[in-house]
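Understanding the architecture of this molecule
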Amino acid sequence: MAGSSSQSFELCEDPSFWKDHNVQVIIRIRPLSSAEISLQGYSKCVRQESCQTVTWTGHPESRFTFDLVADENVSQEKLFKVAGVPMVENCVGGYNSCMFAYGQTGSGKTHTMLGDIEGGTRRHSVNCGMTPRVFEYLFSRIQKEKEVRRDEKLRFTCKCSFLEIYNEQILDLLDPSSINLQIREDIKKGIHVENLKEIEVSSARDVIQQAHSTNRKVAATNMNRASSRSHSVFTCIIESKWESQGVSHHRFARLNLVDLAGSERQKSSGAEGERLKEATNINKSLSTLGLVIMNLVNVSNGKSLHVPYRDSKLTFLLQDSLGGNSKTIIIANISPSNCCSLETLSTLKFAQRAKFIKNNAIVNEDTSGDVLAMRMQIQQLKKEVSRLR
Ligand code: ADP
Ligand code: MG
């Protein structure tokens, strides 16, 4: 179905839409900025065809299909309902979940992941982004679940951490004195950052206050004064414990919300000296991310290939989210402006490859009463056998 760029497309809000997919790829097209309009007029490098299809209008024209294409008419609230709500439902159900924002500087990654959070969580702030909405919904969802399952003594704990990968070093944003933290892997904790500060949160407001009090390293480039050269990873571990029929249950899920550094090729932004070193390291994490995805696609096509997760901090940390035990949503942000045409094409191609990643998400649950329940069953069966003799 062909459509004009002014046409708006209805996005599906049904959470079951996502149920069987472990990797979702969404394209978000931001509106033209006033500077772009004054420079280029209204000419655009993309044309949305449907809520799943977008055409890059350069030469030669290329058409791409994704799980969802959200244009400038899709509000923060709508995107949250379509992608954020099912993600929180999955976390409450015990699935690890991850949401990445990918795209060139200025394409709308931070707007999507954080948006306008001035003044804390404002229920009616139209511009507040995914993270505040996710936590507002998560805590209201937890409250509801506790009320419904009062008999099961259901308890929840949510612990958050917030880190930044800058120059291939991990900084703890909740404890700025902690720099160059190391990633470790063990059977009990899985992949984790050693000595990273974790704080328990019990409301969306707690989360926003933490986000406010952090200082992201932002350096000016020729392209955009506020361009971010670091990857930020906000993690929340959601644990729940309850009892049913004498059996204790323990569920846990890791939720990662990731705002990546600008994906633009650093050469084009005129980097030199210290900036060039930063740029090389940003490229390292992003190029390794690209390579990991490329190899995962080949692996899913039956090829046997090494997936170089450990070649960058970003891919090592997010190993589970890429080809592992996680339900992952990639939001590839693009500018519709003609002046960003090549970067937009590059993001569309990245997102197209990411569509082929296959994750294997499972519910993380310990049932400590299992052994007990089995023993009781054995005893019962023994009794029945002796009765039959
Ligand atoms: P990035 O984090 O990718 O560098 P930003 O999120 O900072 O980009 O977005 C750049 C500018 O564009 C900001 O002023 C932001 O408010 C605006 N913007 C981005 N996406 C949207 C959108 N979907 N709707 C309205 N404004 C947007
Ligand atoms: Mg940003």
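Residues numbered from 1 in each chain as written. Chains lettered and ligands numbered in written order. Predicted model: local features only at pLDDT ≥ 70, side-chain atom pairs only at ≥ 80, totals over all residues.

The chain carries the name Kinesin-like protein in an unreviewed UniProt entry, which gives Liquidambar formosana as its organism. Among the UniProt annotations of the chain, the heading Sequence similarities (unreviewed entry) holds the following wording: "Belongs to the TRAFAC class myosin-kinesin ATPase superfamily. Kinesin family. KIN-12 subfamily." (UniProt positions renumbered as here; feature names shortened; annotations may be inferred.)

Focus on the site of ligand 1
Neighbouring ligand 1 are 15 residues; Arg30, Gly108, Lys109, Thr110 and His111 lie closest to it. The element that contributes the greatest number of residues to the shell around ligand 1 is helix H3 (residues 109-113), accounting for 3 residues. Split by residue class, the shell around ligand 1 holds 1 nonpolar, 11 polar and 3 charged. (Near = placed C-beta within 6 Å. Helix = DSSP H or I, 4+ residues; strand = E, 2+ residues; numbered from the N terminus. Nonpolar A, V, L, I, M, F, W, Y, C, P; charged D, E, K, R; others polar.)

Here we look at the environment of Ser312
Turning to its location among the elements, Ser312 is positioned in the loop between helix H6 (273-300) and helix H7 (313-317). With 23 C-beta atoms packed within 10 Å, Ser312 lands in the buried category. Residues Ser312 and Gly262, 50 residues apart in the sequence, show an inter-C-alpha distance of 16 Å. With sequence-adjacent residues up to four places away left out, Ser312 is seen in contact with Glu168, Lys284, Ser285 and Thr288. (Buried ≥ 20, exposed ≤ 12 C-beta atoms within 10 Å, placed from the backbone. Contact = placed C-beta atoms within 7 Å.)

What to know about the environment of Leu317
Note on placement: Leu317 falls in helix H7. On the basis of neighbour count, Leu317 is assigned to the buried category, with 23 C-beta atoms found within 10 Å. The sequence separation of Leu317 and His192 amounts to 125 residues, and the corresponding C-alpha distance is 7.0 Å.

Structural notes on the UniProt feature "binding site: ATP" (unreviewed entry) in the chain
Per the UniProt record, "binding site: ATP" (unreviewed entry) is annotated on Gly103, Gln104, Thr105, Gly106, Ser107, Gly108, Lys109 and Thr110. Within the element layout of this structure, Ser107 appears in the loop between strand S6 (97-102) and H3. The exposure class of Ser107 is buried, given the 28 C-beta atoms found within 10 Å. Contact partners of Ser107, with chain neighbours within four places excluded, come to Arg30, Asn333, Ile334 and Ser335.

Comments concerning helix H2 (residues 76-92)
Think of an α-helix as turning once every 3.6 residues; residues three or four places apart then point the same way. The largest bend in H2 is about 35 degrees, located at Val82, with the proline Pro86 one to four residues further on. Every buried residue of H2 is listed here: Gln76, Leu79, Phe80, Val82, Ala83, Gly84, Pro86, Met87, Val88, Asn90 and Cys91. In the stretch just after H2, Gly94 is the one whose phi turns positive, near 95 degrees. (Bend = angle between axes of the 7 residues up to and from the residue.)

Focus: the packing of H2 against helix H4 (residues 130-148)
Direction vectors running N to C along H2 and H4 enclose 45 degrees, while the axes themselves pass 10 Å from each other. One finds that H2 runs oblique with respect to H4. The handedness of the crossing between H2 and H4 comes out as right-handed. On the side of H2, the interface is formed by Phe80, Gly84, Val85, Met87, Val88 and Val92, while H4 contributes Met130, Arg133, Val134, Tyr137, Leu138, Arg141 and Glu145. Each residue belonging to the contact of H2 with H4 can be placed in one class, and the counts come to 9 nonpolar, 1 polar and 3 charged. (Axes fitted to C-alpha atoms, helices over the stretch in contact; angles between N-to-C directions. Parallel < 35°, antiparallel > 145°, perpendicular 65-115°, else oblique. Left-handed = near helix turned anticlockwise from the far one by under 90°.)

So, the sheet that holds strand S2 (residues 46-48)
Read from one edge of the open sheet, 3 strands run S2-S3-S4, paired in antiparallel fashion. Two strands close off the open sheet at either side, each with one partner strand: S2 and strand S4 (62-65). Ignoring which end each strand starts from, the neighbouring axes of this sheet average 25 degrees apart. In this structure, strand S3 (residues 53-56) lies alongside S4, joined through 4 bridges in antiparallel fashion. If you follow Thr55 over to S4, its bridge partner there is Arg63. Lying over the sheet, helix H8 (residues 341-354) contacts S2, S3 and S4, oriented at roughly 140 degrees with respect to S3. (Pairing = 2+ DSSP bridges.)

Some words on the pairing of strand S13 (residues 247-259)
In this sheet, S13 lies alongside S6 in parallel orientation, the contact comprising 5 bridges. Its bridge partner lying in S13, Phe100 is registered against Val258. Connecting strand S12 (residues 231-244) to the next strand, S13, in antiparallel fashion are 2 residues, including Gln245 with a positive phi near 50 degrees. With 3 bridges joining them, S13 and strand S15 (residues 365-367) adopt antiparallel strand pairing. Looking at the pairing, His249 lines up with Thr367 of S15.

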